[in-house]
Amino acid sequence: MSKLDASNSSTVPGAASPLVLPPLPYAENALEPIITAKTMSFHYGKHHKAYVDNLNKLIAGTEYAALSLEKIITSTAGKPEKAAIFNNAAQNWNHTFYWKSMSPKGGGEPPAALKSKIEAAFGSVDACKKELASMAVSQFGSGWAWLVLEGDKLKVVKTANADMPMSMGLKPLLVIDVWEHAYYLDYQNRRADYVNIVLDKLINWEFALQNASE
Ligand code: MN3
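What this report covers is the structure whose coordinates are included nearby. These figures come from a predicted structure and were not determined experimentally. Position numbers for residues start from 1 in each chain and track the written sequence from start to end. The predicted nature of this model means local features are confined to residues of pLDDT at least 70 and side-chain atom pairs, given and counted, to a pLDDT of 80 or more, with totals for whole chains, interfaces and linings taken over all residues. As a convention, hydrogens and water are excluded, and side-chain values are obtained from all of the structure's heavy atoms.

**Notes on the pattern of salt bridges**
Charged atoms that come close allow side chains of opposite charge to pair.
Next, step 1: For this analysis, a salt bridge means a side-chain nitrogen from Lys or Arg found within 4 Å of a carboxyl oxygen belonging to Asp or Glu. Taken as a whole and judged by the stated rule, the model has 5 salt bridges.
Next, step 2: Between E109 and K115 there is a salt bridge whose closest N-O contact spans 2.8 Å.
Next, step 3: Overall, the relative accessible area of 53% leaves E109 in the exposed class.
Next, step 4: Residue burial is assigned from relative accessible area. The probe radius is 1.4 Å, only protein chains are included, and a residue is buried under 20% of its type maximum, exposed over 50%, and partly exposed in between. Judged by relative accessible area, K115 falls into the partly exposed class, the value being 27%.
Next, step 5: E150 serves as the salt-bridge partner of K155, at 3.3 Å between the closest nitrogen and oxygen.

**Some details on the packing of aromatic side chains**
Next, step 1: Pairing of aromatic rings covers Phe, Tyr and Trp, the last counted by its six-membered ring, and requires centre-to-centre distances within 6.5 Å; plane angles under 30 degrees mean stacked, over 60 mean edge-to-face, and any other angle means tilted. Taken as a whole, this structure holds 10 aromatic pairs when the rule is applied.
Next, step 2: Relative to W99, the ring of Y44 has its centre 6.0 Å away and its plane inclined at 80 degrees; by these criteria the two rings are edge-to-face. Of this pair, Y44 sits in helix α2 (residues 37-59) while W99 sits in helix α4 (residues 83-100), and the two are 55 residues apart along the sequence. Accessibility assignment for this pair places Y44 and W99 in one class, buried.
Next, step 3: Their ring planes at 25 degrees and their centres at 5.2 Å tell us that Y183 and Y194 sit as a pair that is stacked. Taken together, the positions of Y183 in helix α7 (residues 180-187) and Y194 in helix α8 (residues 191-202) put the pair 11 residues apart, joining distant regions of the chain.
Next, step 4: The rings of Y44, W93, F97, Y98, W99, W144, W146 and F207 are connected pair by pair, giving a single aromatic cluster. Only DSSP runs of H or I with at least four residues qualify as helices, and only runs of E with at least two residues qualify as strands; both kinds are numbered from the N terminus onward.

**So, the nonpolar core**
One recurring pattern in soluble globular proteins is that nonpolar side chains are buried together.
Next, step 1: Nine residue types can take part in a nonpolar core, namely buried Ala, Val, Leu, Ile, Met, Phe, Trp, Tyr and Cys, and a core is a set of them joined through side-chain atoms within 4.5 Å. Formed by 66 residues in total, the largest nonpolar core has its most connected members in I35, I72, Y98, M102, W146, L147 and Y194.
Next, step 2: Examining the composition of this core, we find that 8 residues originate from one element, α4, more than from any other.
Next, step 3: With near-sequence residues (within four places) excluded, I72 lies in contact with L19, L55, I59, Y64, L67, I85 and A89. Residues are treated as being in contact if the distance between any of their heavy atoms lies within 4.5 Å.

**Things to note about the packing of α7 against α8**
Next, step 1: Interhelical geometry of α7 versus α8 gives an angle of 100 degrees and a closest axis separation of 9 Å. Classified by the interaxial angle, the pair formed by α7 and α8 is roughly perpendicular. Here α7 contributes A182, Y183 and Y187 to the contact with α8, which in turn contributes R191, D193, Y194 and I197.
Next, step 2: Its residues placed into classes, the contact of α7 with α8 shows 5 nonpolar, no polar and 2 charged. Lines fitted to the C-alpha atoms define the axes, with helices restricted to the stretch that makes contact. Angles between their N-to-C directions range from 0 to 180 degrees. The scheme is simple: roughly parallel for angles under 35 degrees, roughly antiparallel for over 145, roughly perpendicular for 65 to 115, oblique for anything else. As a working rule, the residues Ala, Val, Leu, Ile, Met, Phe, Trp, Tyr, Cys and Pro are called nonpolar, Asp, Glu, Lys and Arg charged, and the rest polar, with Gly in that last group.

**Structural notes on the side chain of K129**
Next, step 1: Along the chain, K129 turns up in helix α6 (residues 125-138).
Next, step 2: Classification of K129 by relative accessible area gives buried; the value is 13%.
Next, step 3: In contact with K129, other than residues within four places in its own chain, are L199, D200 and W205.

Here it is in structure tokens:
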């Protein structure tokens, strides 16, 4: 495939080079008091933005500049010589998915269609939340805890650093960021407190159901 000029590729759906920082699905203070605007301003405005900016620098003038974010991820996954591109691309995708995994109106009971799948896989919603929390707390160092579909069965998995379920053949439904930058300003070393309150008050079951239905 010939290299596309970046100024033209911006009109190609899904292949916007340079890639832009997607807007947050709510205001920076919308998740307060659980996640403060201060955390959001650093996490979204500095960390997530840096992944987008770094990725654009890394792919400028390369074959990747013409690809969608998803294609960049799948074509660099598992290639050590492309690790910098994969890490920044996957972190970009993971963060956009994480923002949508939470909602100011989140928490509570999942919609019935999701609840029955959760009960089939884990026994109860509480048991599912406990498994997700346990994955999130036990991830050593930086990473992510995910609710995923393997075939049509729900399960929870954890990934390190920028790794993500798509490169393991799993379909992500929800994610919790357990990098320290996600919680340190609000919870310091208390990762479990952050994870449990996100699961109780913010987790966006509607988003999980949408992802499961696609
Ligand atoms: Mn993060």
